[in-house]
Amino acid sequence: MRIIFLASLLLLLFSGCSQEKKVNNLDGKKLLEEKCTQCHNIDLPPKTFEDEKAPPMMAVAFHVRSFIQTGDESQRIPKAIAFVKDYVVSPSASKSFCDKASLKSYGVMPSQKGKVTQDELQAIAEYMFSHFTQKNLNEAQALENRLNAMPKGERLALQNGCLSCHKVDKRIVGPAFRDIAMRKGNSLEVLIHSIQNGSKKKYKSSKGAMMPAFKKISDADAKTLGEWILSLKAQKDK
Ligand code: HEC
Ligand code: HEC
């Protein structure tokens, strides 16, 4: 039922508004993570769980933005922000835009009065309406689809920024992954070591450019990356 609630929201089309303003330098994203995530899931695209305590924040943002009453479209976002600022401190079943069935299963949101200030709410709401947009959702889904279609090693290479210096077939800042795979003596262990600790002066073609150390990449991910790079050699042999 909640899935249907969400799906029906996704069908509506919304115009994106991506003005990012900061109130008193408050970070709306961080505040949202701190103050709202114990109940609302904030992933984009959202995740829904059987035992979730509240609708995903994307649903809330889409919801409030589309159902707020206004004769003047330029006032839609300001009014939506005002709604959030009021609702979070004084929620009620009659104010909520949630349908009756969802309200019944979640219960009305407990007031967060005293836990969040109006300035913080302004920052949170501004972030909500600039981040949870149809445009950002489409982009996130397109990226997710692309990532899912990739081998895991390639996905890690993209996510870790390796592809800004390496291509599979062509040297850019660093050597082509295929040339790394073909280099004599380059075992999986050597590649894992270089990924985690960096490398320099091994390749003449890099003209002094260095491979930075990626200390934060786990052993398991470094292994997946190394195996993927080595697999590129096999493809050429075929
Ligand atoms: C203790 C759990 C809890 C916390 C914390 C919480 N919420 Fe909620 N929220 C809910 C529930 C449950 C609902 C759905 C029922 C309702 O509309 O009241 C909801 C609904 C809402 C709605 C109304 C949605 C609509 O469609 O009408 C808004 C707006 C909202 N939350 C914003 C926030 C913001 C912003 C924060 C962080 C400052 C927050 N909530 C923190 C539980 C929570
Ligand atoms: C800032 C540019 C840059 C980034 C980002 C980068 N590399 Fe490199 N990489 C290099 C350069 C330059 C070399 C060649 C260094 C040398 O000559 O020893 C290299 C070499 C390598 C080697 C070969 C090391 C060896 O021992 O033969 C591997 C494997 C490698 N990179 C994997 C990766 C992976 C995986 C990532 C992402 C986690 C990554 N690189 C990100 C620039 C980069």
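Residues numbered from 1 in each chain as written. Chains lettered and ligands numbered in written order. Predicted model: local features only at pLDDT ≥ 70, side-chain atom pairs only at ≥ 80, totals over all residues. Heavy atoms only, no water.

Draft legend 1. Looking closely at the coordination of the iron atom of ligand 2. Surrounding the iron atom of ligand 2 are the protein donor atoms His166 (NE2) and Met211 (SD), at 2.0 to 2.1 Å. Relative to the metal, the six donor atoms surrounding the iron atom of ligand 2 lie at angles of 87 to 180 degrees, and the coordination shape comes out octahedral. Taken together, the residues His166 in the loop between helix 8 (152-159) and helix 9 (177-182) and Met211 in the loop between helix 10 (188-197) and helix 11 (219-237) connect sequence positions 45 residues apart. (Donors = N, O, S within 2.8 Å, 3.2 Å for Na, K, Ca; no water. Tetrahedral: all angles 85-135°; square planar, octahedral: opposite > 155°, others 65-115°. Helix = DSSP H or I, 4+ residues; strand = E, 2+ residues; numbered from the N terminus.)

Draft legend 2. The site of ligand 2, seen in detail. Residues in contact with ligand 2 amount to 28 residues; listed here are only the nearest, Cys162, Cys165, His166, Ser199 and Met211. With respect to ligand 2, the side chain of Tyr203 contributes an N or O atom lying 2.6 Å from an oxygen atom. The side chain of Ser206 places a nitrogen or oxygen atom 2.8 Å from an oxygen atom of ligand 2. With four residues, the single largest contributor to the shell around ligand 2 is helix 10. Residue composition of the shell around ligand 2, by class: 18 nonpolar, seven polar and three charged. (Near = heavy atom within 4 Å. Polar contact = N/O pair within 3.5 Å; in protein donor to acceptor, adjacent residues only side chain to side chain. Nonpolar A, V, L, I, M, F, W, Y, C, P; charged D, E, K, R; others polar.)

Draft legend 3. Structural detail: helix 7 (residues 134-149). Its 16 residues place the ends of helix 7 22 Å apart at the C-alpha level, agreeing with the 22 Å of an ideal helix rising 1.5 Å per residue. Turning to helix 7, its buried residues are Gln134, Leu137, Ala140 and Leu147. Here the buried residues of helix 7 occupy an arc of 150 degrees about the axis, which is enough to place them on one side. Relative to its buried face, helix 7 has exposed residues pointing more than 90 degrees away, namely Lys135, Asn145 and Ala149. (Expected span 1.5 Å × (residues − 1). Buried < 20%, exposed > 50% of the residue type's maximum accessible area, 1.4 Å probe, protein only. Arc of directions from axis to C-beta.)

Draft legend 4. Structural view of the coordination of the iron atom of ligand 1. At 2.1 to 2.2 Å from the iron atom of ligand 1 lie its protein donor atoms, namely His40 (NE2) and Met109 (SD). Around the iron atom of ligand 1, the six donor atoms sit at angles spanning 85 to 179 degrees, and that spread fits a shape best called octahedral. Of this pair, His40 sits in the loop between helix 2 (28-36) and helix 3 (57-67) while Met109 sits in the loop between helix 5 (100-106) and helix 6 (118-131), placing them 69 residues apart in sequence. Judged by its relative accessible area of 12%, His40 is buried. Looking at Met109, the relative accessible area reads 23%, which means it is partly exposed.

Draft legend 5. Looking closely at the nonpolar core. In terms of nonpolar packing, the biggest core is built from 31 residues, with Leu32, Met57, Val64, Ile124, Met128, Phe129 and Phe132 touching the most fellow members. Put simply, the parts of the chain that give this core at least two residues each are helix 2, helix 3, helix 4 (76-89), helix 6 and helix 7. Residue contributions to this core peak at eight residues, all from helix 4. (Core = buried A, V, L, I, M, F, W, Y, C linked by side-chain atoms within 4.5 Å.)

Draft legend 6. Local environment of the confidence of the model for the protein chain. When pLDDT is averaged across the protein chain, the result is 89; 88% of the residues are at 70 or more. Note that residues 1-20 has pLDDT below 50 and, in this model, 42 contacts with residues that lie over four places away or in other chains. (pLDDT = per-residue confidence, 0-100. Contact = heavy atoms within 4.5 Å.)

Draft legend 7. Highlighting the packing of helix 4 against helix 6. Contact geometry of helix 4 with helix 6 gives a least axis separation of 9 Å together with a crossing angle of 130 degrees. Between helix 4 and helix 6, the interaxial angle falls into the category oblique. Once helix 4 is placed against helix 6, the crossing between them reads as right-handed. On the side of helix 4, the interface is formed by Ile77, Ala80, Ile81, Val84, Lys85, Val88 and Val89, while helix 6 contributes Gln118, Leu121, Gln122, Ala125, Glu126, Met128 and Phe129. Broken down by class, the residue content of the contact of helix 4 with helix 6 amounts to ten nonpolar, two polar and two charged. (Axes fitted to C-alpha atoms, helices over the stretch in contact; angles between N-to-C directions. Parallel < 35°, antiparallel > 145°, perpendicular 65-115°, else oblique. Left-handed = near helix turned anticlockwise from the far one by under 90°.)

Draft legend 8. Representation of the packing of helix 2 against helix 6 within the structure. Axis separation between helix 2 and helix 6 bottoms out at 8 Å; the angle between their running directions is 105 degrees. Our classification of the angle between helix 2 and helix 6 gives roughly perpendicular. Where helix 2 abuts helix 6, its residues Gly28, Lys29, Leu31, Leu32, Lys35 and Cys36 lie against Glu120, Ala123, Ile124, Tyr127 and Met128. Within the contact of helix 2 with helix 6, the residues separate by chemical class into seven nonpolar, one polar and three charged.

Draft legend 9. Geometry of the pattern of salt bridges. Taken as a whole and assessed by the stated rule, the structure comprises eight salt bridges. In this structure, Arg76 and Glu73 form a salt bridge, with 2.8 Å as the shortest nitrogen-oxygen distance. By relative accessible area, which is 16% here, Arg76 ends up buried. Residue classification places Glu73 among the exposed residues on the basis of a relative accessible area of 52%. Between Arg178 and Asp169 there is a salt bridge, with the nearest N and O atoms lying 2.7 Å from each other. The exposure class of Arg178 is buried, given its relative accessible area of 14%. (Salt bridge = Lys/Arg side-chain N within 4 Å of Asp/Glu carboxyl O.)

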